[in-house]
Each structure stands twice: as structure tokens, then as C-alpha cells.
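Okay, here's what each chain looks like letter by letter:
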Amino acid sequence: SSSASLALELATTTLTISSNVTLTQSSGVTTKSADLSVNDGKLIVAGGLIFDNTDGTTANKTRLIVTTGSAAFNSILLGTTPTIDAQLISVTSGTITVANLVTQAFGTISNVTTAGTLVFNGGLSFGGVNTPLFTTLNGTVIQFGDDLTAITTPLTFAEGSTSIFTADATITPTAAIAFGNIQINNNADIILAGNISLVDDLINDYGSTAITGNFTI
């Protein structure tokens, strides 16, 4: 078996791409992967990261792997392969930033080993009949600049993780959403469209009116 990969290894390395990046799933041969790895340094993609998982072979994977570096995208589009580990977005102690809404109906988004940062400036819509996976750690920072929605699949952030809302957002728990900590930054108004769970603390930098809606925390 073999894999295709592009890796940034040095902290002094910055790679800027002005168009889309497509990770294409291999077909016909098992245990192959198409990897975009930021082991250190910085990756900036002005377009989108597209997961082209049309083959459906579960052993053939497409993966974005960020360890200690950072990667920023205008958008991320996951493919429709139902197996959760066929498409992977993974961060260790680094940072992944997405400017537009991420819809995760498939695949896995995961913070592994050491707490890192996931930034969804356009918000996150999570869940569906194919039960995607979103995993965090104690100390993970998940930052939202817009709405957060869970559909069909419950969304649970780890105890000790912190979900930071940096702009106005509606939290819609069509499926259950459980938070570790919630931090509301100055000038962010949060509307609850359903009941949510909070394990740790609510840190409100805005004031008592930052959260509205006839629902409970």
C-alpha cells in the first residue's frame, strides 16, 4: 500500500494557496490515504478544502492533519462517504481556522493527544443519519463566530474544553449539545433555540443579557 501526502515540517514555513485544495480518495486499492499535513509552520488556503470521497472504500482515507502548526481555509467541504474514519480533520496542539460555515454530516473532526484550537468563524452545523464524530479534550478551545447547530447526532464537548462565542449566534440543539465551559466575548448576543447542558462554567464578558431564549442551561 502507499499514500500521497503534502507536509509542512518547519516552523518557518508558510505556504499560501490562492485556489481550492482537493483531497481525492483513492479507488481500487485499499489502505491508501491522501493526506494534507501541517506538522509545523503555517498553511493558508484562500479557497476551500474539498474532501472528494466518492469511491466509498472505507480503508482509503482523506485526511487533514495539523499537529503544532496552523491551517486556515475559506471553507471546508466534506464528502459523502458514510464511514466516519474515511474523512478526518485532526488537530493536536495547533490551530485549524475556517472562515465560512462548516457542515459536518460525515467524517470525523478531532482534537487528539494535546489540547488544540478549532475556529469556526462561519459557525458549525453538526450531525446527520451517518453519525459523524466530533471529539475534543480537556483544554480544547472551540471558537464560534456564528451559529452552532446539532442535527440528529448529539454533540458533546469534553469536560474542561471551552467553547468561545465571538459574535452573535443562535445555538440550536435539535440533537443534544453538551458543553464543558462556555465563554461569551464582548458584544456577542447568544440565542438559545433549545435546552443545552453545561458541565463547567459560563464565562460572560458581555453582561447578563448575553444569552436569551426561553430555554435552560
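Look up a bit, the structure's there.
Here goes a summary of the coordinates provided. This one's a predicted model, so the numbers in the text were calculated from it and none came from an experiment.

**Comments concerning the overall build of the protein chain**
Argument step 1. Looking only at helices and strands, the protein chain has 0 helices and 25 strands in total.
Argument step 2. Over its C-alpha atoms the protein chain spans a radius of gyration of 17 Å, differing by no more than 12% from the 17 Å that the globule rule assigns to 217 residues.
Argument step 3. C-alpha atoms of the protein chain, sized along the principal axes, occupy 55 × 40 × 30 Å.
Argument step 4. Out of the 217 residues in the protein chain, the part that is buried amounts to 45%.
Argument step 5. At a minimum sequence separation of 6, the contacts of the protein chain that also span at least 24 residues come to 51%.
Argument step 6. Just so you have it, the protein chain exposes about 9,200 Å², and 51% of that area is on carbon and sulfur atoms.
Argument step 7. In the protein chain, which carries 4 positive and 14 negative side-chain charges, the distance between the mean positions of the two groups comes to 18 Å.

**Observations regarding a negative patch on the surface**
Argument step 1. Taken together, the side chains of Asp146, Asp147, Asp168 and Asp189 make up a negatively charged region of the molecular surface.
Argument step 2. Here aspartate 168 shows up in the loop between strand E18 (162-165) and strand E19 (169-173).

**Considerations on the nonpolar core**
Argument step 1. With 46 residues, the main nonpolar core has Phe73 and Phe134 as its most contacted residues.
Argument step 2. A total of 4 residues in this core trace back to one element, the largest contributor, which is strand E5 (residues 42-52).

**Thoughts on the sheet that holds strand E20 (residues 177-179)**
The strands that make up a sheet are held in pairs by hydrogen bonds between backbone atoms, and each pair lies either parallel or antiparallel.
Argument step 1. What the 3 strands build is an open sheet, ordered E17-E20-E23; its pairing is parallel. Two strands close off the open sheet at either side, each with one partner strand: strand E17 (155-156) and strand E23 (197-198).
Argument step 2. Here E20 pairs with E23 via 2 bridges, running parallel. Across the sheet, residue phenylalanine 179 finds its bridge partner in E23, namely leucine 198.

**Observations concerning the sheet that holds strand E16 (residues 148-150)**
Argument step 1. The parallel open sheet is built from 6 strands, whose spatial order is E10-E13-E16-E19-E22-E25. Either end of the sheet is taken by a strand with one partner, and the two such strands are strand E10 (102-104) and strand E25 (211-212).
Argument step 2. Two strands pair when backbone bridges link them, and E16 and E19 are joined in this way by 3 bridges, in the parallel orientation. By the bridge assignment for E19, leucine 148 is matched with isoleucine 171.

**A few points about the side chain of serine 163**
Argument step 1. Here serine 163 is to be found in strand E18.
Argument step 2. Every residue in contact with serine 163, bar those within four places of it in the chain, is listed here: Ile142, Phe144, Phe157, Phe179, Asn181, Ile182 and Gln183.

**Some thoughts on the pattern of salt bridges**
Argument step 1. A complete count under the given rule lists 1 salt bridge for this structure.
Argument step 2. Between aspartate 35 and arginine 63 there is a salt bridge, with its nearest N and O atoms 2.7 Å apart. Separated by 28 residues along the polypeptide, aspartate 35 in strand E4 (residues 33-38) and arginine 63 in strand E6 (residues 61-66) bring together distant segments of the chain.
Argument step 3. Residue aspartate 35 is classed as buried on the basis of its relative accessible area, which comes to 10%.

**Some words on the packing of aromatic side chains**
Argument step 1. The tally for this structure, following the rule as stated, stands at 8 aromatic pairs.
Argument step 2. Aromatic pair phenylalanine 134 and phenylalanine 157: ring centres 5.7 Å apart, planes at 90°, arrangement edge-to-face. One end of the pair, phenylalanine 134, is in strand E14 (residues 133-135); the other, phenylalanine 157, is in the loop between E17 and E18, and 23 residues separate them in sequence.
Argument step 3. When its relative accessible area of 5% is taken as the criterion, phenylalanine 134 is described as buried.
Argument step 4. Arranged with centres 6.4 Å apart and planes meeting at 65°, the rings of phenylalanine 165 and phenylalanine 179 form a pair that is edge-to-face.

Analysis parameters
- Residues numbered from 1 in each chain as written.
- Predicted model: local features only at pLDDT ≥ 70, side-chain atom pairs only at ≥ 80, totals over all residues.
- Heavy atoms only, no water.
- Helix = DSSP H or I, 4+ residues; strand = E, 2+ residues; numbered from the N terminus.
- Rg over C-alpha atoms; globule rule 2.2 N^0.38 Å.
- Buried < 20%, exposed > 50% of the residue type's maximum accessible area, 1.4 Å probe, protein only.
- Contact = heavy atoms within 4.5 Å.
- Areas by Shrake-Rupley, 256 points an atom, 1.4 Å probe, with all protein chains shown as cover.
- Lys, Arg positive; Asp, Glu negative; His and termini not counted.
- Charge placed at Lys NZ, Arg CZ, Asp CG, Glu CD.
- Patch = residues over 30% accessible without salt bridge, like charges linked within 9 Å, V, L, I, M, F, W, Y side chains within 5 Å.
- Salt bridge = Lys/Arg side-chain N within 4 Å of Asp/Glu carboxyl O.
- Core = buried A, V, L, I, M, F, W, Y, C linked by side-chain atoms within 4.5 Å.
- Pairing = 2+ DSSP bridges.
- Phe/Tyr/Trp six-rings, centres within 6.5 Å; stacked < 30°, edge-to-face > 60°.

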